[in-house]
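Understanding the architecture of this molecule
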Amino acid sequence: MKRYLKLSIIRKLPLFVVLSVLFLAAAFFSTAEVSFERSYYGYSYIQMLDTSCTSSLLAFFFITMMVLPLFNMNYRYSLAKSDLYRQVGFKNNSIRIGEHLSTLITVCISFTFSFAVLVSILLFKNYTAKDPIGFLAYHWYIVLYFVALLVGAGQFFLSYLLVSRSNTFINSAIMLFLGQFFLNFFLFVCVSYIRCSVSDGTRFAEGPSIIGAIAWVSTLFNQLICSDRISYFETSDLEGLALNLSAFWSAVVIFFSVAALGLVAFILEKDPSSEWAGKPDTDKPYQEIIYHAGFATIGLVIGTLLIESSLSLVFALLFYPIYIVSYYTFYGLLHRNFKLKGRQAAVLFGIAGSTILFSIIYTTACFYAEIAHGM
């Protein structure tokens, strides 16, 4: 296994070179416009410091971690490759684990090198400035580096859990998108509907997915690096503070719980038999569950946005037909068959219809409740 892992890493040297170049480009472009010197105009000056320069590198790293599992599942997408995979004299799952781990290690090395270059450029600019605005809290970059690796690895195994539910590249891509969408916006929908307020729900819009991961890490550490304090949760009322903290910790706990489940599946779960390789259907119901949960959340998000919209009816007439057509079209693509069976049609149109009906009824109820409260 160790020998295979070593050979796999060597074989992925081109990937290492490409990612290193892209990560370095992100680092150089992010720091190019950063200035630590005061710009004087008469009796005033403009501060040019932009501490968000790490955001683009972090976003690039997390997005890379999100999509990489898609390209390590080729043996599941072809019957010939699946048969060859099972004929190799390695223990069960050894090749799969070796392939994914070699990719994970390669990306982390590329990120480490680029991150070190980015911090070095900032450090050089900061300490050679003739009239510096101030000095960043550079010790937080050490913490940021390890947090970024942890979150990146979590994103990798979260994505693995989603893409490994399918046996074709297209289906895995659909699972990845809908699974991420469900994770990110489910809490947003629940809070918005419970409180009948989109403004409260937006606190939960950075949910336990790639969107939330980029937002938490970038925002929190930019504040720590710039001012050595966190203002991310600050608000003028205790209820708002409670909502902010609840949103953050709920997202973090769910994110790492799903990532841990993905790690367990990665190590212990057996691959389906070769007869399922390259086929749109699966021997387990997870693909169906993720698909319908994702599209139900899309429908509820539309309904949530209608809660505080003065053009609710117009938006409903515009978006819901598109929503139903998209739901059906991608379901047909998922199964490579647009002739639905009776049970499939009942589930699909039942969820779509219930979602739309619930959204419209609840939006109308919130509207009249607000009028009654105003009177």
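Check the entry above for the structure.
Everything in this summary refers to the structure shown in the same document. The residue numbering used here restarts from 1 in each chain and proceeds along that chain's sequence as written. With pLDDT at 70 or above as the cut-off, local features in this predicted model cover only qualifying residues; side-chain atom pairs require 80 or more to be listed or tallied, and sums for whole chains, interfaces and linings still use all residues. Side-chain metrics in this entry use all non-hydrogen atoms of the structure; hydrogen atoms and water are not considered.

Notes on the overall build of the protein chain
This is how the line gets drawn: The numbering of helices and of strands both runs from the N terminus, where a helix is a DSSP run of H or I of at least 4 residues and a strand a run of E of at least 2. The contact definition used throughout considers only heavy atoms, calling two residues in contact when any of these lie within 4.5 Å. For every accessible area listed, the method is Shrake-Rupley and the probe measures 1.4 Å; residues are considered covered only by the protein chains on display.
Helices and strands together make up the secondary structure of the protein chain, namely 13 helices and 2 strands. Taking the contacts inside the protein chain whose residues are at least 6 apart along the sequence as the reference set, 78% of them involve residues at least 24 apart. For the protein chain, the exposed area adds up to about 19,000 Å²; of that, 71% sits on carbon and sulfur atoms.

Some thoughts on the packing of aromatic side chains
The criterion, for reference: Here is the rule: rings of Phe, Tyr and Trp (six-membered ring for Trp) pair when centre to centre is within 6.5 Å. Planes less than 30 degrees apart are stacked, more than 60 are edge-to-face, and the remainder are tilted. Exposed residues in this analysis have more than 50% of their type's maximum accessible area, buried residues have under 20%, and partly exposed residues fall in between, with area computed by a 1.4 Å probe over protein chains only.
Following the criterion strictly, the structure yields 33 aromatic pairs and no others. Taking 5.0 Å as the distance between ring centres and 35 degrees as the angle between the ring planes, the aromatic pair formed by Phe182 and Phe186 counts as tilted. Residue Phe182 and its partner Phe186 are both found in helix H7 (residues 169–195); the two are separated by 4 residues, about one turn of the helix. The class of Phe182 is partly exposed, set by a relative accessible area of 27%. Phe186 gets classed as partly exposed once you look at its relative accessible area, which sits at 37%. Between the aromatic rings of Tyr291 and Tyr327, the centroid separation amounts to 5.8 Å while the plane-to-plane angle is 45 degrees, which identifies the pairing as tilted. With Tyr291 in helix H11 (residues 286–306) and Tyr327 in helix H12 (residues 312–335), the pair connects residues that are 36 residues apart, well separated along the chain. Of the residues examined, Tyr327 reaches a relative accessible area of 0% and is grouped as buried.

Some details on the environment of Met66
Inspection of the secondary structure assignment puts Met66 in helix H3 (residues 54–67). Under the relative-accessibility criterion, Met66 is labelled buried at 15%. For the pair formed by Met66 and Ser209, sequence separation is 143 residues and the distance between their alpha carbons is 9.5 Å. Apart from the residues lying within four places of it in its own chain, the contact partners of Met66 are Gln155, Ser159, Leu176, Gln180 and Ile210.

Focus on the packing of helix H6 (residues 139–163) against helix H10 (residues 238–268)
Keep this limit in mind: An axis is simply a line fitted to the C-alpha atoms; with a helix, the fit covers only the stretch in contact. Between two such axes, the angle follows the N-to-C directions and lies from 0 to 180 degrees. The cut-offs work like this: below 35 degrees is roughly parallel, past 145 is roughly antiparallel, 65 to 115 is roughly perpendicular, and the gaps in between are oblique. Note on convention: the crossing is left-handed when the near helix lies turned anticlockwise from the far helix by less than a right angle, right-handed when the turn is clockwise. All amino acids are sorted into three groups, where Ala, Val, Leu, Ile, Met, Phe, Trp, Tyr, Cys and Pro are nonpolar, Asp, Glu, Lys and Arg are charged, and the leftover types, Gly among them, are polar.
Between H6 and H10, whose axes approach to 7 Å, the crossing angle comes to 60 degrees. One element, H6, and the other, H10, form an angle in the oblique class. The hand of the H6/H10 crossing is left-handed. Across from Leu150, Val151, Gly154, Gln155, Phe157, Leu158, Tyr160 and Leu161 in H6, the residues of H10 making contact are Phe255, Phe256, Val258, Ala259, Leu261, Gly262, Leu263, Ala265 and Phe266. Tallied by class, residues from the contact of H6 with H10 come to 14 nonpolar, 3 polar and no charged.

Here we look at the nonpolar core
Formally: In these notes, a set of buried Ala, Val, Leu, Ile, Met, Phe, Trp, Tyr and Cys residues joined through side-chain atoms within 4.5 Å is what counts as a nonpolar core.
One finds Phe111, Tyr141, Tyr291 and Tyr323 to be the most contacted residues of the largest nonpolar core, which totals 85 residues. No other element matches H6, which puts 13 residues into this core. Among residues more than four places away in sequence, those in contact with Tyr291 are Ile174, Met175, Leu178, Ser326, Tyr327, Phe330, Tyr331 and Leu334. Core analysis: the second largest hydrophobic core is formed by 5 residues, Leu187, Val191, Leu243 and Ala247 among them.

So far we have only geometry, and geometry alone does not tell us how the molecule works.
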